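# Structural description and commentary
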Amino acid sequence: MAESFKLLAEYLKLPFVRYALIVGVLVALCSALLGVTLVLKRFSFIGDGLSHVAFGAMALASVLNIMNEMPVVLIFTIITAVLLLKTGQMAKIKGDAALAMISVGSLAIGYLLLNIFPPSGNLTADVCKTLFGSDSILTLKATEVWLSIALAIIVVGIFVFFYNKIFAITFDESFSKATGTRAGIYNLVIAVVIAVVIVISMKLVGSLLISALVIFPALSAMRVFKNFKAVTICAAVLSVVCTLTGIITSILVNLPIGSTIVAADIVAFLGFTLAGLIKRSVSK
Amino acid sequence: MALLTACDLSIGYDGKTVLKNVNFHADAGDYLLIVGENGSGKSTLIKTVLGLNPPVSGKVIFGDGLLRSQIGYLPQQTAVQKDFPASVREVVMSGFCGAMGLRPFYSKKEKEEALENIEKLGISNLSKRCYRELSGGQQQRVLLARALCATKKLLLLDEPVSGLDPKAAFEMYSIISRLNKESGITVIMISHDINSSAKDSPTHVLELGKECFFGTKEEYDRSGRSVFKMYGGEENG
Ligand SMILES: Nc1ncnc2c1ncn2[C@@H]1O[C@H](COP(=O)(O)OP(=O)(O)O)[C@@H](O)[C@H]1O
Ligand SMILES: [Mg+2]
């Protein structure tokens, strides 16, 4: 145990490890805050779809040899999110199929592009990194760290500022609309924020695992708590704790970061499910 | 000018008309009861008045400076998911959101008002409870308290007692009647099972059907089509 702590202290002296921890905590916070709304609105599939679009955009950016790919990916993902929201409003049922089409399409085209125009020597490693995150969080450039920090602050700010409206619209959209809340605008804000969160999460867990980061903390919190505020706070704290645990474990034991974080989230979910059952049987 | 006027309103979905040429108005202080068979378009009418559903033709006019953010609404069904975590207080407070504009947090006054409304509806003991774990009657009271937070002027209620047992229904009707008489809130309520205990409260009646009827309660009783007779109340000659 003492050995591990000494090792950890050594690692913390390295700037890229500190970057990884900072970005990890912020990403965990944002995705969990958003996750509560997405899960309750039955929107979690949108996160999944958008993460595939982000993968496609990432592939496109690397094929085009764009050095700073994050802004490109961000713009692509935001546009898709807004379009999905608009079409989803016009044709509720078709929204699902459109999303599936776009999401699988981007995945396929992205992989195809990478095969036709291989950007670097090791294609499989590159694809694997983008899909599962592997250790790309440890290779963050300073600009990416700052961009992630800025975006995360904006996301948390928006969430806090609109917290009461987000609750009202998530709980009962038609009441909100009928009594004068501009639900359309808030839905748009939520769509943009989802896109931002997905893009900043990509480096951490990779595009295939982002959904886990969004869904697990919210579902775990909902097992135990029964009001919106408690669920939101619990999801945020839990997500940060799991992510830190995941990153540190993976550095010490040399495991892939993304999957370790998700594993920590799963363990927490099982724990909270158990706690929920106990709480219920005690209160009976 | 009337608080709310419907002019030659035709309502429906996606251009398909459900009901044509509805005309009615509600003045401040009125209690308008909307009746009609299932599927006659009562809920659709309310949704059209609220702007949730565009009218096929015709107009809804707000008067007396009434704003959308000053209306309270109790939907027929609130499709709240089974596992939604929300406390009674959180649900009631959310009634203020429409009138808050860009202000992010509830004011002290709003918090006090929410408590008053919770008290008015006799659910103070439930305010920390989880909304989804309440009985149907308790949930309706919570939603009415939320509607009260949204308005001091106009309440639109879509079948507020459906699914409630007779005692809970009676209590709900008396609360609504008191809000109209004592707090001076204009009420527009849909109900098809209005019982004898509530039949004296409405001042106006709108009946939807092949031929719509709109008039005062007395005119409606005299017209001979009154639904109230079916419940064995005294019959007006
Ligand atoms: N979302 C909808 N889309 C299309 N038709 C609808 C929709 N909701 C209701 N209808 C139809 O409109 C008619 C009136 O419905 P509604 O206003 O709910 O009746 P009521 O509330 O009087 O029972 C019904 O024939 C119903 O099938
Ligand atoms: Mg109805």
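From a predicted model like this one, the values you see are computed outputs, not experimental measurements. (Residues numbered from 1 in each chain as written. Chains lettered and ligands numbered in written order. Predicted model: local features only at pLDDT ≥ 70, side-chain atom pairs only at ≥ 80, totals over all residues. Heavy atoms only, no water.)

## Looking at the overall build of chain A
The condition is simple: The helix and strand labels rest on DSSP assignments: H or I over at least four residues marks a helix, E over at least two residues marks a strand, and numbering proceeds from the N terminus. Note on exposure labels: buried denotes an accessible area under 20% of the residue type's maximum, exposed denotes more than 50%, and partly exposed covers the range between, all computed with a 1.4 Å probe on protein chains only. Throughout, the Shrake-Rupley method with a 1.4 Å probe supplies accessible areas, and for residues the shown protein chains are the sole cover considered.
Counting its secondary structure elements, chain A contains 13 helices and 0 strands. Starting at the N terminus, the α and β elements of chain A follow one another as α-α-α-α-α-α-α-α-α-α-α-α-α. The burial tally for chain A puts 50% of its 284 residues in the buried class. Carbon and sulfur atoms provide 74% of the accessible area of chain A, an area that totals close to 12900 Å².

## Notes on the site of ligand 1
Residue and element names in this part refer to chain B. Put simply, the rule reads: Working definition: residue near molecule or strand if any one of its non-hydrogen atoms lies within 4 Å of it. Distance and chemistry together define a polar contact, namely a pair of N or O atoms within 3.5 Å, with one atom able to donate a hydrogen and the other to accept it when in protein, and with adjacent residues in sequence counting only for side-chain atoms on both sides. Each residue is assigned to one class: nonpolar for Ala, Val, Leu, Ile, Met, Phe, Trp, Tyr, Cys and Pro, charged for Asp, Glu, Lys and Arg, and polar for all the others, Gly among them.
Near ligand 1, the surroundings consist of Tyr 13, Val 18, Glu 37, Asn 38, Gly 39, Ser 40, Gly 41, Lys 42, Ser 43 and Thr 44. Between ligand 1 and Gly 41 there is a distance of 3.1 Å, counted from an oxygen atom to a backbone nitrogen or oxygen. Contact distances for ligand 1 include 2.8 Å between an oxygen atom and a backbone N or O atom of Lys 42. Relative to its unbound accessible surface of 560 Å², ligand 1 loses 56% to contact with the protein. The element contributing the most residues to the shell around ligand 1 is helix H1 (residues 42-49), with 3 residues. Broken down by class, the residue content of the shell around ligand 1 amounts to 2 nonpolar, 6 polar and 2 charged.

## Details of the coordination of the magnesium ion (ligand 2)
All names here are of chain B. Selection criterion: Atoms are scored as donors when they are N, O or S and lie within 2.8 Å of the metal, with 3.2 Å used for Na, K and Ca; no water is included, so coordination may look incomplete.
Here the magnesium ion (ligand 2) is held by the protein donor atoms Ser 43 (OG) and Gln 76 (OE1), which lie 2.0 to 2.3 Å from it. Residue Ser 43 is located in helix H1, and its partner Gln 76 is located in the loop between strand E5 (71-74) and helix H2 (88-93); the two are separated by 33 residues in the primary sequence. In this structure Gln 76 comes out as partly exposed when scored by relative accessible area, which is 31%.

## Examining the sheet that holds strand E1 (residues 4-13) of chain B
All names here are of chain B. Basically, it comes down to this: Any two strands are treated as partners once DSSP identifies two or more bridges connecting them. Orientation is described by axes fitted as lines to C-alpha atoms, over the contacting stretch for helices, and by angles from 0 to 180 degrees between their N-to-C directions. By definition in these notes, contact holds between two residues if any of their heavy atoms fall within 4.5 Å.
Reading across from one edge, E2-E1-E4 is the order of the 3 strands in this open sheet, with antiparallel pairing throughout. Bordering the open sheet on either side are strand E2 (16-26) and strand E4 (57-62), each of which pairs with just one other strand. Ignoring which end each strand starts from, the neighbouring axes of this sheet average 25° apart. The pairing of E1 with E2 spans 7 bridges and is classified as antiparallel. By the bridge assignment, Ile 11 is partnered in E2 with Leu 19. Its contacts with the sheet put H1 on E1, E2 and E4, and the angle it makes with E1 is roughly 120°.

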